[in-house]
Amino acid sequence: MKGKLKFVVAALVLLVFIGTFVFLWFQSRPQAVAYDEFVPKYEDLKRTSVVTGKIEPRNEVNVKPQISGIITEIMKEAGQMVQAGEIIARVKVIPDMGQLSSAQARLRLAGVNVRQARIDYERQKTLYDKGLISGNEYDKVRQAYQQAREEVRASQDNLEVVRDGVSRNNANTSSTLIRSTITGLILDVPVKVGNTVILSNTFNDGTTIATVANMGDLIFRGNIDETEVGQLVLGMPMKITIGAMTDTHLQASLEYISPKAVESNGANQFEIKAAIKGVSGSRIRSGYSANAEIVLAHADHVLTVPESAIEFSGSNTFVYIVKGAGEDKTYERRKVVTGLSDGINIEIKKGLTPKDKVRGPKIVKDTGDDKQ
């Protein structure tokens, strides 16, 4: 019984050894090399560049106050349309104590002067009515009295402006009323009632009451690499795709190429701007991320082959022409002249005809390890 068991084990070991040998022998045999084959065909080629940027209104204005004070009322909010001259907010003036004291003193002095001028005028009028003074002297006194009265009114207006920011005589054009300077959409109102605001001067930019933009006149702003900027020409058409609105495609026209590069992520890039067409009535918002596709070069109805079939050798390019079939198939190396490439297909200017068949890259067979 033990002898039979030993015989069975020895047979199994021998079978494993022979199977392994046969497997390794098959694996070591050279496999036939197969290649893809292509027939040249006529196609339209385009070489494009995709520029990443964003959508912006061409005219975006920050509305700022003409006086310093406190916001007492806000009439508009972001998202509303506003006309040029329409009131957005109201400001209560915080008077400067020095200016207030000066205005009060000016009004008191004007009051003293007008009282004296009235006394002089009444005295001279009595003498004039009796024929005791000339008309010329009487006119001078009357003019002085009128000037004194006008100074009182001007002093009163000045005091009201310094104290309240508005006077009774200029209520409709008061600087306490913050008005939009353009017609457009309110993009932002960064202040609230009770906030202190300051006017713009040489020392600061002032407080922004609202940001208003004309959303009917939009531009695309982005950066393009220095290797491609030399191929751009003003007026080139661009196709705009908005990331948040993938079903919306807009046309644009290149209108600006920066003369100076900026460094971004270690590469030199140039800013470009394009005017977007047909935005009336659209739902586009300021600041949307977008991609602009620019056709840098194109060739229509040219003979092409896949670029993977081209062999590059120095400044020359070659293809392998398929000759024969089956076991008699051979490949003839032929020099060709290439043209425009779109990254997948390449133009053949010389060296091929539509009747030729071109060898492509080697066919890589899937192994059993890749299958589940």
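Analysis parameters
Residues numbered from 1 in each chain as written. Predicted model: local features only at pLDDT ≥ 70, side-chain atom pairs only at ≥ 80, totals over all residues. Heavy atoms only, no water. Helix = DSSP H or I, 4+ residues; strand = E, 2+ residues; numbered from the N terminus. Buried < 20%, exposed > 50% of the residue type's maximum accessible area, 1.4 Å probe, protein only. Contact = heavy atoms within 4.5 Å. Areas by Shrake-Rupley, 256 points an atom, 1.4 Å probe, with all protein chains shown as cover. Pairing = 2+ DSSP bridges. Salt bridge = Lys/Arg side-chain N within 4 Å of Asp/Glu carboxyl O.

Here's the deal with the overall build of the protein
Turning to step 1, where the next piece is worked out: Along the protein, the regular secondary structure elements total four helices and 20 strands.
Turning to step 2, where the next piece is worked out: Buried residues in the protein amount to 32% of all 372 residues.
Turning to step 3, where the next piece is worked out: Considering only residue pairs separated by 6 or more positions, the protein has 71% of its internal contacts joining residues 24 or more positions apart.
Turning to step 4, where the next piece is worked out: When the accessible surface of the protein is split by element, carbon and sulfur atoms take 52% of a total near 23900 Å².

Regarding the sheet that holds strand 4 (residues 69–74)
Strand pairing in a sheet is mediated by backbone hydrogen bonds. Such pairs are either parallel or antiparallel.
Turning to step 1, where the next piece is worked out: The antiparallel open sheet is built from four strands, whose spatial order is 7-6-4-9. Of all the strands in the sheet, just strand 7 (177–179) and strand 9 (196–197) have a single pairing partner and so form its edges.
Turning to step 2, where the next piece is worked out: Both strand 6 (residues 87–93) and strand 7 contribute to a ladder of three bridges, which runs antiparallel. Bridged to Ile-87 within strand 7 is Arg-179.

Brief notes about the pattern of salt bridges
Turning to step 1, where the next piece is worked out: For the coordinates displayed, the defined rule picks out 19 salt bridges.
Turning to step 2, where the next piece is worked out: For Lys-76, the salt bridge identified is with Glu-86, shortest N-O distance 2.7 Å. On the criterion of sequence distance, the pair formed by Lys-76 in the loop between strand 4 and strand 5 (81–82) and Glu-86 in the loop between strand 5 and strand 6 is long-range, its members being ten residues apart.
Turning to step 3, where the next piece is worked out: Given the relative accessible area of 18%, Lys-76 is considered buried.
Turning to step 4, where the next piece is worked out: Here Asp-139 ties to Arg-142 by a salt bridge, and the two come within 3.2 Å at their closest N and O atoms. Separated by three residues within a single helix, Asp-139 and Arg-142 lie in helix 3 (residues 135–164), roughly one turn from each other.
Turning to step 5, where the next piece is worked out: The class of Asp-139 is partly exposed, set by a relative accessible area of 35%.

Let's talk about the environment of Leu-187
Turning to step 1, where the next piece is worked out: You can see Leu-187 is positioned in strand 8 (residues 184–188).
Turning to step 2, where the next piece is worked out: Given a relative accessible area of 25%, Leu-187 falls into the partly exposed group.
Turning to step 3, where the next piece is worked out: For Leu-187 and Ala-213, which are 26 residues apart along the polypeptide, the C-alpha to C-alpha distance reads 6.9 Å.
Turning to step 4, where the next piece is worked out: The residues touching Leu-187, leaving out its near neighbours within four places in the chain, are Pro-57, Glu-60, Ala-78, Thr-211, Ala-213, Met-215 and Ser-286.

Looking at unusual backbone geometry
Turning to step 1, where the next piece is worked out: A positive phi angle, close to 55 degrees, is found at Asn-265, a residue other than glycine.
Turning to step 2, where the next piece is worked out: Asn-265 sits in the exposed class, given a relative accessible area of 84%.
Turning to step 3, where the next piece is worked out: Positive phi outside glycine occurs at His-301, with the angle close to 50 degrees.
Turning to step 4, where the next piece is worked out: Locating His-301 in the fold gives a position in strand 15 (residues 289–306).

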